[in-house]
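Reading the structure
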Amino acid sequence: MTAVEEAPISAAGNPIGFGSMKRKEDQRFVRGQGNYVDDVNLPGMLHGAILRSPHAHAKILSIDTSRAEAHPGVVAVITGKTLEGIPRPALLGDNFAWMPTLSYDTQAVLATDKVRFQGQEVAFVIATDRYTAKDALELIDVDYEPLGAVMDAKKAMDPSAPVIRDDKGQTDNSITDVLGNKYWESGNAIGTQEAIDKAKADPNCVVVTQEIMYPRVHPAPMETCGSVAYLDPVSGQLTLWTTSQAPHAHRTVYALVAGLPEHKIRIISPDVGGGFGNKVGVYPGYVLSVVGSIVTGKPVKWMEDRSENLMSTSFARDYHMNGTIAATKEGKILAVDVDVLADHGAFNGVAQPTKFPAGFFHIFTGSYDYPNAHCKVTPVYTNKAPGGVAYACSFRITEAAYFIERLVDCLAAELGMDPAELRLKNLIKPEQFPYETPTGWVYDSGQYEKTMRLAMEMVGYDELRKEQAEKRARGEYMGIGISFFTEGVGAGPRKDMDILGLGMADGIELRVHPTGKAQLRLSVQTQGQGHETTYAQIVAHELGIPPEDIEVIHGDTDNTPFGLGTYGSRSTPVSGAAAAVVSRKVRDKARLIAAAALECSPDDLEWSLGKWSVKGDPDRAKTIQEIALLSHGSLELPEGVEGHLDATAVYNPPNLTYPYGCYICVVDVDPGTGQVKIRRFVAVDDCGTRINPMIVEGQVHGGLADGVGMALMELIAFDEDGNCLGGSFMDYLLPTAVECPDWELGETVTPSPHHPIGAKGVGESATVGSPAAVVNAVIDAISPFGVRHADMPLTPANVWRAIQGNPVRVDMAVE
Amino acid sequence: MDVTINVNGTDYIRDIEPRMLLVHFIREELGLRGTHWGCDTSNCGTCVVWVDDEPVKSCTMLAVMADGHRVKTVEGLEGPDGLDPIQQGFIECHGLQCGFCTPGMMMTGRWLIDKNPDISEEEIREGISGQICRCTGYKNIVEAIRWAAEHPKGSEVTA
Ligand code: FES
Ligand code: FES
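Just so it is clear, the structure is predicted and the values come from calculations on it, not from any experiment.

Looking only at helices and strands, one finds five helices and five strands in chain B. Each helix (α) and strand (β) of chain B, taken in turn from the N terminus, gives the series β-β-α-β-β-β-α-α-α-α. For 159 residues, the compact-globule estimate of 2.2 N^0.38 gives 15 Å, and chain B sits close to it at 15 Å. In terms of overall dimensions, chain B has C-alpha extents of about 45 × 35 × 25 Å along its principal axes. Considering only contacts in chain B between residues 6 or more positions apart, those separated by 24 or more positions represent 58%. When the accessible surface of chain B is summed, it comes to about 6100 Å², and 48% of that surface belongs to carbon and sulfur atoms. Each charge sign in chain B was given a centre, from 14 positive and 25 negative side chains, and these centres are 4 Å apart.

The next point concerns the pairing of strand β20 (residues 477–486) of chain A. Residues and elements named next belong to chain A. Here β20 lies mainly inside the structure; ten of its ten residues are buried. Neither face of β20 is open: one carries Y477, G479, G481, S483 and F485, the other M478, I480, I482, F484 and T486, and all of them are buried. Examined bridge by bridge, β20 and strand β30 (residues 660–669) share ten bridges and lie antiparallel to one another. By the bridge assignment for β30, F484 is matched with C662.

Here we take up empty space enclosed by the protein. Residues and elements named next belong to chain A. Inspection of every chain in the model, using the stated rule, returns seven cavities of 30 Å³ or more. In this structure, the largest cavity encloses a volume near 540 Å³. If you go around the largest cavity, you meet 40 residues; those closest to its centre are Q529, Q699, V762, G763 and E764. Top contributing element to the lining of the largest cavity by residue count: helix α16 (residues 693–712), with six residues. For the lining of the largest cavity, the class distribution of residues is twelve nonpolar, 22 polar and six charged. There is about 180 Å³ of room inside the second largest cavity. Forming the boundary of the second largest cavity are 17 residues, of which L102, Q107, G281, V282 and G349 lie nearest the centre. The class makeup of the residues in the lining of the second largest cavity is nine nonpolar, eight polar and no charged. Residue contributions to the lining of the second largest cavity reach at least three from each of two domains, namely domain 2 (38–147 + 224–272 + 279–312) and domain 3 (319–491 + 655–803).

Another point: the environment of P638(A). Residues and elements named next belong to chain A. Position of P638 relative to the elements: it lies in the loop between α15 (624–632) and β29 (645–651). For P638, a relative accessible area of 31% translates into the label partly exposed. Through-space distance from the C-alpha of P638 to that of I593 is 7.7 Å; in sequence the pair is 45 residues apart. With residues up to four places along the chain from it excluded, the contact list for P638 reads L592 and A596.

Residue F433(A) is joined to P434(A) through a cis peptide bond whose omega torsion reads -5°. If you trace the backbone, P434(A) turns up in the loop between α10 (419–426) and β18 (435–436). Cis rather than trans, the peptide bond between A491(A) and G492(A) has omega equal to -25°. The phi angle at N8(B) is positive, at roughly 50°, despite the residue not being glycine. With respect to the helices, strands and loops of the structure, N8(B) is situated in the loop between β1 (2–7) and β2 (10–15). The exposure class assigned to N8(B) is partly exposed, which follows from its relative accessible area of 28%. Its identity is not glycine, yet H94(B) carries a phi of approximately 55°, on the positive side. Inspection of the secondary structure assignment puts H94(B) in the loop between α2 (85–92) and α3 (102–115). H94(B) gets classed as buried once you look at its relative accessible area, which sits at 1%.

Quick look at the domain arrangement of chain A now. All names here are of chain A. Along its sequence, chain A is carved into domain 1 (26–34 + 505–651), domain 2 (38–147 + 224–272 + 279–312) and domain 3 (319–491 + 655–803). The centre of domain 2, based on its C-alpha atoms, is set 37 Å off from the matching centre of domain 3. Contacts between the two partners involve 22 residues from domain 2 and, on the opposite side, 24 residues from domain 3. Summing the contributions of domain 2 and of domain 3, the shared interface buries around 1700 Å²; its carbon and sulfur component is 61%. Of all residues in domain 2, the largest losses of buried area upon contact with domain 3 belong to F117, Q118 and L310, amounting jointly to 28% of the total for that side. Our count for the contact surface shared by domain 2 and domain 3 stands at nine residue pairs in polar contact (both at pLDDT 80 or more). Mapped onto the side of domain 2 that touches domain 3, the elements with two or more residues apiece are β5 (106–108) and α8 (306–312). With five residues, α8 is the largest single contributor of residues to the side of domain 2 that touches domain 3. Residues belonging to the side of domain 2 that touches domain 3 are distributed by class as follows: ten nonpolar, nine polar and three charged.

To continue, consider the sheet that holds strand β32 (residues 744–747) of chain A. All names here are of chain A. Judged by pairing direction, the sheet is mixed, and its four strands sit side by side in the order β20-β30-β31-β32 without closing on themselves. Each of the sheet's edge strands pairs with one partner strand only, and the pair in question is β20 and β32. On average, adjacent strands in this sheet sit at an angle of 15° to one another, irrespective of strand direction. In terms of strand pairing, β30 meets strand β31 (residues 676–686) through ten bridges, oriented antiparallel. What sits directly across from Y663, in β31, is A683.

Residues and elements named next belong to chain A. Pairing within the open sheet is mixed, and its seven strands lie in the order β3-β7-β1-β14-β11-β12-β13. At either end of the open sheet lies a strand with only one pairing partner, and these are β3 (74–79) and β13 (265–268). For this sheet, the mean inter-axis angle between neighbouring strands, taken without regard to orientation, is 20°. As judged from the six bridges shared by strand β1 (residues 46–52) and strand β7 (residues 121–127), these two strands associate in the antiparallel manner. Looking across to β7, one finds that G48 is bridged to I126. Sheet contacts for helix α6 (residues 247–258): β12 (238–242) and β13; angle to β13, the most-contacted strand, approximately 145°. Packing of helix α7 (residues 284–296) onto the sheet brings it into contact with β1, β3, β7, β11 (226–231), β12 and β14 (300–303), and relative to β11 it is tilted by some 25°.

Once that is clear, we can look at the interface of chain A and chain B. Listed as interface residues are 55 residues of chain A and, on the opposing side, 48 residues of chain B. When the two sides are added together, the surface that chain A and chain B hide from each other amounts to roughly 4400 Å², 54% of it contributed by carbon and sulfur. The largest per-residue losses of area from chain A upon contact with chain B belong to V30(A), Y131(A) and M222(A), which jointly make up 18% of the total buried on that side. Across the contact surface, chain A and chain B share eight salt bridges. The shortest N-O distance in the salt bridge between R134(B) and D706(A) comes to 3.6 Å. Joining chain A to chain B, the criterion identifies 27 residue pairs in polar contact (both at pLDDT 80 or more). At the level of secondary structure, the elements contributing two or more residues to the side of chain A that touches chain B comprise α1 (26–29), α4 (130–137), α8 and α16 of chain A. For the side of chain A that touches chain B, the element with the most residues is α16(A), which contributes eight residues. Counted by class, the side of chain A that touches chain B contains 23 nonpolar, 17 polar and 15 charged residues.

Thresholds, definitions, all that
Residues numbered from 1 in each chain as written. Chains lettered and ligands numbered in written order. Predicted model: local features only at pLDDT ≥ 70, side-chain atom pairs only at ≥ 80, totals over all residues. Heavy atoms only, no water. Helix = DSSP H or I, 4+ residues; strand = E, 2+ residues; numbered from the N terminus. Rg over C-alpha atoms; globule rule 2.2 N^0.38 Å. Contact = heavy atoms within 4.5 Å. Areas by Shrake-Rupley, 256 points an atom, 1.4 Å probe, with all protein chains shown as cover. Lys, Arg positive; Asp, Glu negative; His and termini not counted. Charge placed at Lys NZ, Arg CZ, Asp CG, Glu CD. Buried < 20%, exposed > 50% of the residue type's maximum accessible area, 1.4 Å probe, protein only. Pairing = 2+ DSSP bridges. 1 Å grid on protein atoms, 1.4 Å probe; cavity = no way out; pocket = protein on both sides within 12 Å on 5 of 7 lines; lining within 4 Å. Points joined across faces, edges and corners; volume = space filled by probe spheres on them. Nonpolar A, V, L, I, M, F, W, Y, C, P; charged D, E, K, R; others polar. Domains from an automatic or database assignment. Buried area = accessible area lost by both parts, 1.4 Å probe. Polar contact = N/O pair within 3.5 Å; in protein donor to acceptor, adjacent residues only side chain to side chain. Axes fitted to C-alpha atoms, helices over the stretch in contact; angles between N-to-C directions. Salt bridge = Lys/Arg side-chain N within 4 Å of Asp/Glu carboxyl O.

Dropping the structure here:
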């Protein structure tokens, strides 16, 4: 199967199945009728605001809230002391001042002993309106004793480094995971070392070592994080409207954190204004709105400011990767080794499956066929905000893809070989799938060379190289950068993957009503991906019900089955599969009902889109709509067949899916200013079956812009004292329409063999694949100056410095 | 402080704090939730509305400064004949994903094509460069605005 057959068109003009279709959700959004958390207003609602630490590391000597409490309009002021006084079942610590992170570490809800990063939550004011709540923050007096801050991960383990997590009795800044490990390895350490040593001694081989930093960035969705909590004092029911990518997982976490019975918790994620991983975790602010409602008996809203979002919520990356690659002089890769120092901030809050603590960094072996690879990842605490979940995709795949694609370019430079040629020599071949990598992942399917050749053809690779040579002769600097990435998405098989002990399978529920209209209830959560449309198309494809007759319901734990939510591009691979499976259950049941109605054996029936008909007698048929009515009617149903036409399913994926792609970026660099202009960007993605190509392409566009931003502009930097230098959109620069080129997209289609409809997921592909293409292009442009590597972001200043021969280090503030 | 502000054709008389931002007046006082807020520093443009027919970041303006002026928000785009072409263009060209930046983008887009119906792609990109979208990578927003320029009467398809 290479392409999807054309779907028939419904009366409303939509494909009954796969194909581009306008989004259902757009009707409310273009009218300004989206319903985001900040749009939720309840009678008597109060507003919360958080006082945050100005210091990166300081002892709290005292907190005086009396002036704030006396301020007109202030209803309550909550500090860490207040929280310590609220008992809770001792399941996860015995009071509310601390909460668990997604990695079994603890995180302060409000600081009691010390503050551990700038922007940490210190007190919570509840007032009648948000202006008053903010005013009162100024009236809280906190006496701090500043301590030395650990801002450089490389110095975190120095014996003289101040200890950040003394609350846990630590004597250094190492991180120990739930299994007792202080670092995480995968692959073959001995074989890899031997292969590298052998290559070093062999005159026909080369070994290249490069330190590659993926600096700290932030997903910065346009809607910041927030919540509205109401704990009904009479029924004990907690309703929480919140910016969550994973409402069901949040429900369970609140049950654990707040000690509330889970059946009395309802999480509603109405419309979410972008997530990109930023809205996976549970933040202190959410918990404080819940506590605020418990304390006041009123609904409490908390919405963070942009600076709070950038300074305190889940960051991404902050990976120092020291890589070694060995190859023959002909360009055959032999081995890759990488030693990573991971800066996890003050609380270990990364969301990694328990059994894969290095996360999906295991995919650093990339898209190439070679026998030996090994990685070691060592995490440390620093005085920075916790998180690490964020920014499509930071199960650490983005870091891994960037790492290998940058390292391969360094190898090409060393060999004096064209980077396209080097890649083509090493790509995994179609006949090698399923392909087991040296780190044990099993790639499901791919036609890598075909995809790469298409990208090269689209961009006109050979002509560009000629143009480049001519320009260089004239002293003009253009660069061509290639990135070939493979992602592992759709976490994941229950036997291998969980978050906080919750298996990563997704539930789904389909109800076909008597008139043949249907409702599909999802556990996953759209943040702009268009689930209301795409999922209706999956059901349409399986049952022949037009997509306009299918309502997709999501974002409310009381009305949807359990599942782990949307991140890591997991909706289509997991929940999308569930949608197909549940539809097929309905189809199978419909067959039995049709057979009863047609008075024949189910075996005599055959399915064509939307109906069961008697083989060889197509006029004797029942449409799915007729069957829906029959299933609710008075028809005598066969033994064992219940009435109605509903079904549920829980999909446990047998493997991850492995979307991939080849991106080629063309840049022009002004050597006088270091200014980079992206001239063209060609992206060929293979995400298997495309349910709604229009939406797939939109997802890719967005990710490409992310990649351009990270490669050229975005950086959460700190000064030595721990001041965050990326705390507003004045300093944390995001790409606008001017920095982004007119994306040129292509596709190949290699379905996933184990996914019911062959779809692989695409939400994060472009974010994963694009940074390396941009950086490789810039380095290619300035390679005549002897530059082999420079770290992101390649701002004009950093490019200019690299041209001058100065190493670029971005993890600290630029001196 | 008493103000009279005309929003989407209706005069609203309110007694407000002098420091109240126009974006909060629109959202909280009038309950018009289509205008969004996205940053502290007037960089994101999710809050763009028209004041006297010019796009303005409503977080940069105090509500009292709009006293006696006309404001138009996303809720004022749809007319008796249905969606404005700019709204249709965003649907047609998949110019939105999460929808959070969309009202601001549409208000600026509508103004750009009113000023210059033959606007080029480059001019559109320049025109929306004070606004951030994290979802779409801008290509389809640019196309949506061009679609609206090319279909001044809109189309029946998505009306
Ligand atoms: S809210 Fe960001 S520019 Fe107005
Ligand atoms: S559509 Fe999400 S920010 Fe633009």
